[in-house]
Each structure stands twice: as structure tokens, then as C-alpha cells.
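Notes for the structure review
The residues making up each chain are set out below.
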Amino acid sequence: MKSAFVTVGTTSFEELIAAASAPETLQALRSLGYGRLVLQVGRAAAAPAPFRTAAFTLDVFRFKESLAEDLENADLVISHAGAGTCLETLEKGKPLLVVVNEKLMNNHQLELARQLYRDGHLFYCTCSTLLESLKSIDLSTLKPFSPGQPEKFAAFLDRVIGFE
């Protein structure tokens, strides 16, 4: 059974939680062969209730000491565009769909997601386009991200954020 993992990190990203747990999104995941969605909701004010049916399981939690096991078990990661989460997911070789938080000021998340998309490492969308993105992306086209070069990633972030 394929599993998808949604993470918002330590933030509050209500729109992503709502979009990822919407009935039409769950149905799309089921039609793509996913039988489980693990939803890390962070500081969200409200969280959907977990459930289990014969065809689908929704697990929900706020925080854990480490997300490494959840990332390892995921066949698809849907994440906020935090640099740490993106790097950890890509280094594990997991397909990544980044959902950019359009409400952030000076949106460096969009710049990071856009560049990693141009490099072929991930797909990105917004909460309003999550459903359509899930239906249309081809995860097999993603290029592996070379792990173990944090200085290159740091230089890349500096460039994207404008520190260079």
C-alpha cells in the first residue's frame, strides 16, 4: 500500500492541512494508488480526525522528535517549502511536491521551490492547485538530488535568498 506524507514542519499552515485532507484530495490519492495519508499538522488550530477504512487510512499528529521515519516510509511527500524539510526529503530520494504558502511576506519559499523545480528535483504548487497538481504530475520525471554537499545547498540558498 502506497503512503503519502504531508508535513508543515513547526509552523501553522492551515490552508495546506485543509487542502490535503479535503475529501476530493483523499479521493485523488486513492485513485493514484495511495492507501494511507500521514498528516503532520504542526501548530494548526484544528486538525482533521484520523480514520481507517478498508481502502484508506488517515493518520494525524502534531509533532514528533524526528520526521525521519515518516519520510522514509512515504512514497510521496507533500510539504511546506521550508529549506530544511526540502533538503531532508530530497536527500532521502523521496518524490516531493512542495506547497508554497502564498501568505508569507518576501516569499523565499517560492524562490526555493521554483529553483529546485527548474533543476528537476521536485514539483511545486499552491494550496488552490494541490488537487490538480496531484492529478497531473509525473513523479518518474524527477531527478535525484545529490546528498552530502551541505555547503553547495547553503550557497544555493544564499543565492536564492539574495545574500550573495
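Everything below is about the structure printed above this text.
The notes below deal with the structure included here.

Rules of the game
- Residues numbered from 1 in each chain as written.
- Predicted model: local features only at pLDDT ≥ 70, side-chain atom pairs only at ≥ 80, totals over all residues.
- Heavy atoms only, no water.
- Phe/Tyr/Trp six-rings, centres within 6.5 Å; stacked < 30°, edge-to-face > 60°.
- Helix = DSSP H or I, 4+ residues; strand = E, 2+ residues; numbered from the N terminus.
- Buried < 20%, exposed > 50% of the residue type's maximum accessible area, 1.4 Å probe, protein only.
- Lys NZ or Arg CZ within 6 Å of the ring centre and 35° of its normal.
- Disulfide = S-S within 2.5 Å.
- Axes fitted to C-alpha atoms, helices over the stretch in contact; angles between N-to-C directions.
- Parallel < 35°, antiparallel > 145°, perpendicular 65-115°, else oblique.
- Contact = heavy atoms within 4.5 Å.
- Nonpolar A, V, L, I, M, F, W, Y, C, P; charged D, E, K, R; others polar.
- Core = buried A, V, L, I, M, F, W, Y, C linked by side-chain atoms within 4.5 Å.
- Pairing = 2+ DSSP bridges.
- Polar contact = N/O pair within 3.5 Å; in protein donor to acceptor, adjacent residues only side chain to side chain.

Thoughts on the packing of aromatic side chains
For the structure shown, the criterion picks out 4 aromatic pairs. Between Phe5 and Phe61, the ring centres sit 6.4 Å apart and the planes meet at 10°, which makes this aromatic pair stacked. With Phe5 in strand S1 (residues 2-7) and Phe61 in strand S4 (residues 57-61), the pair connects residues that are 56 residues apart, well separated along the chain. Residue Phe5 shares its accessibility class with Phe61, and that shared class is buried. Ring geometry for Phe51 and Phe56: centres 6.2 Å apart, planes at 35°, overall tilted. Overall, Phe56 belongs to the buried group, its relative accessible area being 1%. Of the aromatic side chains, those joined through ring pairs into one cluster are Tyr117, Phe123 and Tyr124. Taking NZ or CZ as reference, Lys2 lies 4.4 Å from the ring centre of Tyr34, over its face. For Lys64, the ring lying beneath its charged end belongs to Phe61, and the centroid distance is 4.3 Å.

Some thoughts on the state of the cysteines
Counted by the stated rule, this structure contains 0 disulfides. Note on Cys125: no disulfide assigned, nearest cysteine sulfur contributed by Cys127 at a separation of 7.4 Å. Overall, Cys127 belongs to the buried group, its relative accessible area being 19%.

Brief notes about helix H4 (residues 83-91)
For H4, the full list of buried residues reads Thr85, Cys86, Leu87, Thr89 and Leu90. With its phi angle positive at about 75°, Gly93 sits one or two positions after the end of H4.

Concerning the packing of helix H1 (residues 14-21) against helix H2 (residues 23-31)
Put simply, H1 and H2 touch, their axes get as near as 5 Å, and they point 55° apart. Between H1 and H2, the angle is such that the two are oblique. Residues Ala19, Ala20 and Ser21 of H1 touch H2, and the partners they reach there are Pro23, Thr25 and Leu26. Looking at the contact of H1 with H2, its residues break down into 4 nonpolar, 2 polar and no charged.

Points about the nonpolar core
Residues Leu16, Leu37, Ile78, Val99 and Leu130 are the most contacted members of the largest nonpolar core, which totals 27 residues. Of all the secondary structure elements, the ones that give two or more residues to this core are S1, H1, H2, strand S2 (34-40), strand S5 (76-79), strand S6 (96-100), strand S7 (123-126) and helix H6 (130-136). No other element matches H1, which puts 4 residues into this core. Ignoring anything within four residues of it in the chain, the contact list for Leu16 reads Val6, Thr7, Val8, Ile78, Ser79, His80, Val99, Cys127 and Leu130. By size, the runner-up hydrophobic cluster in this structure holds 19 residues, among which are Val38, Phe61, Val77 and Leu96.

As for the pairing of S2
Residues in a regular strand project their side chains so that they alternate between the two faces of the sheet. The buried fraction of S2 is high, at 6 of 7 residues. Alignment of S2 against S4, held across 5 bridges, turns out to be parallel. Bridging from a neighbouring strand, Arg36 pairs with Thr57 of S4.

Things to note about the environment of Ser128
By the secondary structure assignment, Ser128 is in the loop between S7 and H6. The class of Ser128 is exposed, set by a relative accessible area of 66%. One polar contact links Ser128 to Thr126, side chain to side chain, over a distance of 3.1 Å.

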